[in-house]
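# Coordinates in review
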Amino acid sequence: MFSGDLLINWQRARVLRTTLLKSIRKLGIDSDLISLTVLLLLMLSCGGGNAGLTGPDFPTDAQVEADSLALINQDRREHGQQELILDEKLTAIARTHSADMRDRDYLSHVTPDGKTLADRLKSGGISFRLAGENIERTMNISDPAGFANTSFLNDMDHRNNLLNNQFMRVGVGVAHSGSTYWITQDFVKP
């Protein structure tokens, strides 16, 4: 299903394509070759991976991370819990896990080669007595942080991580490809 703006832009693109093809045919140029070239240029201009090229309705990874942290601490305040401190080393670990899930197309706390959160924390030099992790993947959602937060609050295990009064530090890492976002939240009690 197309949103109104996307549908209008799609219709404009179709009209422009038709007009261009008619002009190209008058010049005797192979329209199939031109269509393929235009398609490739459009694909390249849309970007992918974590290049920071998001559409006007989709936030950057940094925005999703900041929004996620704000929502975590808002939820904790509302439930009488102390706010969590953002930890840059945890954030780096969370970002790496999100990027790995994106790059290898999976959604799991355990990597395809069997590495767990504890393994990732130890590899990243994080000492902990207690740890937890929330992960989510959103597709075609203009507010990935809000969607993930609602999802986490509606699942008992994820909710327990968000509101656990023993956790003191958090790392939030996001990776995206187009309009799909992988969000990882790592919680620890040092």
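It should be noted that the structure appears before, not after, this text.
Residues numbered from 1 in each chain as written. Predicted model: local features only at pLDDT ≥ 70, side-chain atom pairs only at ≥ 80, totals over all residues. Heavy atoms only, no water.

### Some details on the overall build of the chain
The criterion, for reference: A run of H or I in DSSP counts as a helix once it spans at least four residues, and a run of E counts as a strand once it spans at least two, with each numbered from the N terminus. Think of it in three bands: with a 1.4 Å probe and only protein chains considered, a residue is buried below 20% of the maximum accessible area for its type, exposed above 50%, and partly exposed in between. Only heavy atoms matter for contacts: two residues are in contact if any of them lie within 4.5 Å across the pair.
What the chain contains, in helices and strands, is 7 helices and 4 strands. Scanning the chain from its N terminus toward the C terminus, one meets helices and strands in the order α-α-α-β-α-α-β-α-α-β-β. The buried share of the chain, reckoned over its 190 residues, is 36%. For the chain, contacts bridging at least 24 residues in sequence account for 68% of all contacts bridging at least 6.

### A word on the packing of aromatic side chains
Stated precisely, the cut-off is as follows: Between the rings of Phe, Tyr and Trp (Trp by its six-membered ring), a pair exists once the centres lie within 6.5 Å; its type follows the angle of the planes, with under 30 degrees stacked, over 60 edge-to-face, and the other angles tilted.
Per the stated rule, a full pass over the model turns up 1 aromatic pair. For the pair phenylalanine 167 and phenylalanine 187, a centre-to-centre distance of 5.6 Å together with 25° between the ring planes defines the contact as stacked. With phenylalanine 167 in the loop between α7 (156–163) and β3 (169–177) and phenylalanine 187 in strand β4 (residues 180–189), this residue pair connects regions lying 20 residues apart in the sequence.

### Comments concerning unusual backbone geometry
Look at aspartate 105: it is not a glycine, yet its phi comes out positive at around 55°. Structurally, aspartate 105 can be placed in the loop between α4 (88–104) and α5 (117–123). Residue classification places aspartate 105 among the exposed residues on the basis of a relative accessible area of 58%. In this structure, asparagine 140 takes a positive phi of about 55° despite not being glycine. As for its placement among the helices and strands, asparagine 140 is situated in the loop between β2 (130–139) and α6 (144–153).

### Focus on the pairing of β4
Note the following rule: At least two DSSP bridges between two strands are required for those strands to pair.
For β4, the tally of buried residues reaches 10 of 10 residues, placing the bulk of the element in the interior. Alternating residues of β4 divide into Thr180, Trp182, Thr184, Asp186 and Val188 and Tyr181, Ile183, Gln185, Phe187 and Lys189, and every residue in both groups is buried. Sheet topology places β2 next to β4; 10 bridges connect them, and they run antiparallel. Bridge pairing in β4 links alanine 131 to valine 188. Sheet analysis places β3 next to β4, joined by 9 bridges and oriented antiparallel. Paired with valine 174 across the strands is isoleucine 183, a residue of β4. Count of turn residues in the β3/β4 antiparallel hairpin: 2 residues, of which glycine 178 carries a positive phi of about 60°.

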